[in-house]
Amino acid sequence: MSKKLKIGLFGFGVVGQGLYDIIRTKNLNIEIVKIAIKDPTKKRTLPPELFTTDKDELLNNPEINTIVELINDTEAAYDIVSTALKTGRNVVSASKKMLAIYLQELIDLQHQYGTSLLYEASVCGSIPIIRNLEEYYDNELLHSISGIFNGSSNYILSKGYNENMDYDTALKLAQDLGFAETDPTLDVGGFDAKYKLVIAAAHAYGVVVKPEKVLNVGIQNLHANDLQYAREKKLKIKLVPVAKELDDQHVTMFVLPKFVNEHEFLYNVDYEYNCVTVQAAFADQQFFYGKGAGGHPTGSAVLSDIAALRYDYQYEYKKAHNKKDLRFTNNVELNIYLRYEDDDLVEALQFEYIHERFYSGNYKFVTGKINLQNLIDNQHRISNSKAFVAFANQLTGVSLATAAKQTAEVL
Ligand code: HSE
């Protein structure tokens, strides 16, 4: 018999409400005892006595044995989650930014206090990827994981490509539908996808990397010329996080827009849908597809974690224990497309090989091979000069797999 979970819920936004709707329709051994919210003046559909603005009413309540944390504030979320873990409560969280920034600390707290923190909903909403990476791919050599991890930017790209909708209108729609973050820069700048990548990589490779070490270039500087370029080549542009094992000592990660062709799974993943592609040594390529944002899809992943806690499920972080030598590196060569205005930027990026260079009126682009570290060093210059960079392995006919440097150095 599973134990009864008495939940203290933090946050009643899109996901909190979605979770509540789902729990209400199910006959589970679960009770939401109290909900902590920030804004008491907001109109709620539930009885007022269920809500409080005092976090300690949940954290100090001995009746509550499980905390579900679904709030927006990174530091407050860390405070709640770490306090709960230290006081013997199991926790479910969907705060990807908080989890990515504090992942090592949270792993240590779980080990120290014997409590469990689950966060399936933090990566790709409804797609069950964390437990799969942790459990199912336990003995598989994972060559790479990539996909579409941010629904809002995918929504904007799809609206632009399929319906010619302009960027600002599409972003407004994504905000109205509740997909976008409070600060949408996190979505369109590739930060949100990066946080999710860092979390997924910890379970795929056992490597816990601080997000600031990982490149994220977003879609803010996307221009009609870039979409036109993609259309002419029958390609689409997607915002793609990649984690790839280069050899048995090095793993690289980055988030970049990517040109994808019609034969790639990603090509048909549109709007708020997310996907994960796993390239494994024996299973070969696999594809997970589902809604990455929205109250009910994300709430379903939160509920799955809550249900797992009824049986005291814990991530074991097995790969972190077993793999001693795998380390993160940015020393890898990538084939990129760069549309630019500032000629000096091309010099600064130190292309190792230029495949194609084009100049007509205001539209200037170059494709070729550069080192990922050079992109990181020039990240601000790229965004400030309105340049657009995309990862473009099919444009030069060299795949990422063959582009990995044999002599990669660990940074
Ligand atoms: N803002 C996120 C997205 C929500 O658009 O994917 C889900 O994590």
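- Looking up the protein in an unreviewed UniProt entry gives the name Homoserine dehydrogenase, with the organism given as Mucilaginibacter boryungensis.
- According to its UniProt record, the protein has this under Catalytic activity (unreviewed entry): "L-homoserine + NADP(+) = L-aspartate 4-semialdehyde + NADPH + H(+)".
- What the UniProt record of the protein gives under Sequence similarities (unreviewed entry) is the line "Belongs to the homoserine dehydrogenase family."

## Concerning the overall build of the protein
Inference 1: Helix and strand counts for the protein stand at 18 helices and 17 strands.
Inference 2: Computed over the C-alpha atoms, the radius of gyration of the protein is 22 Å, within 12% of the 22 Å expected from 2.2 N^0.38 for a compact globule of 411 residues.
Inference 3: Principal-axis analysis of the C-alpha atoms places the extent of the protein at approximately 65 × 45 × 35 Å.
Inference 4: Relative to its full complement of 411 residues, the protein shows a buried share of 59%.
Inference 5: A separation threshold of at least 6 residues defines the contact pool for the protein, and within that pool the share at least 24 residues apart is 74%.
Inference 6: Carbon together with sulfur atoms contributes 48% to the accessible area of the protein, which is approximately 17,400 Å² in total.
Inference 7: On the protein, the mean spot of the 43 positive side-chain charges and the mean spot of the 52 negative ones are 3 Å from each other.

## Things to note about the pairing of strand β14 (residues 333-339)
Successive side chains on a regular strand alternate, one facing one side of the sheet and the next facing the other.
Inference 1: Of all 7 residues that make up β14, 7 are buried, and the element is covered over most of its length.
Inference 2: Residues of β14 alternate between two faces, with Glu333, Asn335, Tyr337 and Arg339 on one and Leu334, Ile336 and Leu338 on the opposite face, all of them buried.
Inference 3: The sheet contact formed by β14 and strand β16 (residues 363-371) spans 7 bridges and is antiparallel. When the sheet's bridge partners are listed, Arg339 is paired in β16 with Phe365.
Inference 4: As paired strands, β14 and strand β17 (residues 388-391) are joined by 4 bridges and run antiparallel to one another. Counterpart to Tyr337 in the pairing with β17 is Ala390.

## Here's the deal with the site of the ligand
Inference 1: Close contacts around the ligand come from Lys96, Asn150, Gly151, Ser152, Phe179, Ala180, Glu181, Asp187, Asp192, Lys196, Gly292 and Ala293, and that covers them all.
Inference 2: A distance of 2.7 Å is found between a nitrogen atom of the ligand and a side-chain nitrogen or oxygen belonging to Asp187.
Inference 3: In the complex, 92% of the free accessible area of the ligand, which totals 250 Å², lies under the protein chains.
Inference 4: Looking at the shell around the ligand, the elements with two or more residues in it are α7 (151-163) and α10 (191-205).

## Focus: the packing of aromatic side chains
Inference 1: Tallied over the full model, the rule gives 22 aromatic pairs.
Inference 2: Between the aromatic rings of Phe259 and Tyr337, the centroid separation amounts to 5.1 Å while the plane-to-plane angle is 80 degrees, which identifies the pairing as edge-to-face. With Phe259 in strand β10 (residues 250-261) and Tyr337 in strand β14, this pair connects stretches of sequence that are 78 residues apart. For the pair formed by Phe259 and Tyr337, the shared burial category is buried.
Inference 3: Connected via pairs of aromatic rings, a cluster forms that spans Tyr229, Phe259, Tyr337, Phe358, Tyr363, Phe365 and Phe388.

Reading the values: rules and limits
Residues numbered from 1 in each chain as written. Predicted model: local features only at pLDDT ≥ 70, side-chain atom pairs only at ≥ 80, totals over all residues. Heavy atoms only, no water. UniProt positions renumbered as here; feature names shortened; annotations may be inferred. Helix = DSSP H or I, 4+ residues; strand = E, 2+ residues; numbered from the N terminus. Rg over C-alpha atoms; globule rule 2.2 N^0.38 Å. Buried < 20%, exposed > 50% of the residue type's maximum accessible area, 1.4 Å probe, protein only. Contact = heavy atoms within 4.5 Å. Areas by Shrake-Rupley, 256 points an atom, 1.4 Å probe, with all protein chains shown as cover. Lys, Arg positive; Asp, Glu negative; His and termini not counted. Charge placed at Lys NZ, Arg CZ, Asp CG, Glu CD. Pairing = 2+ DSSP bridges. Near = heavy atom within 4 Å. Polar contact = N/O pair within 3.5 Å; in protein donor to acceptor, adjacent residues only side chain to side chain. Phe/Tyr/Trp six-rings, centres within 6.5 Å; stacked < 30°, edge-to-face > 60°.

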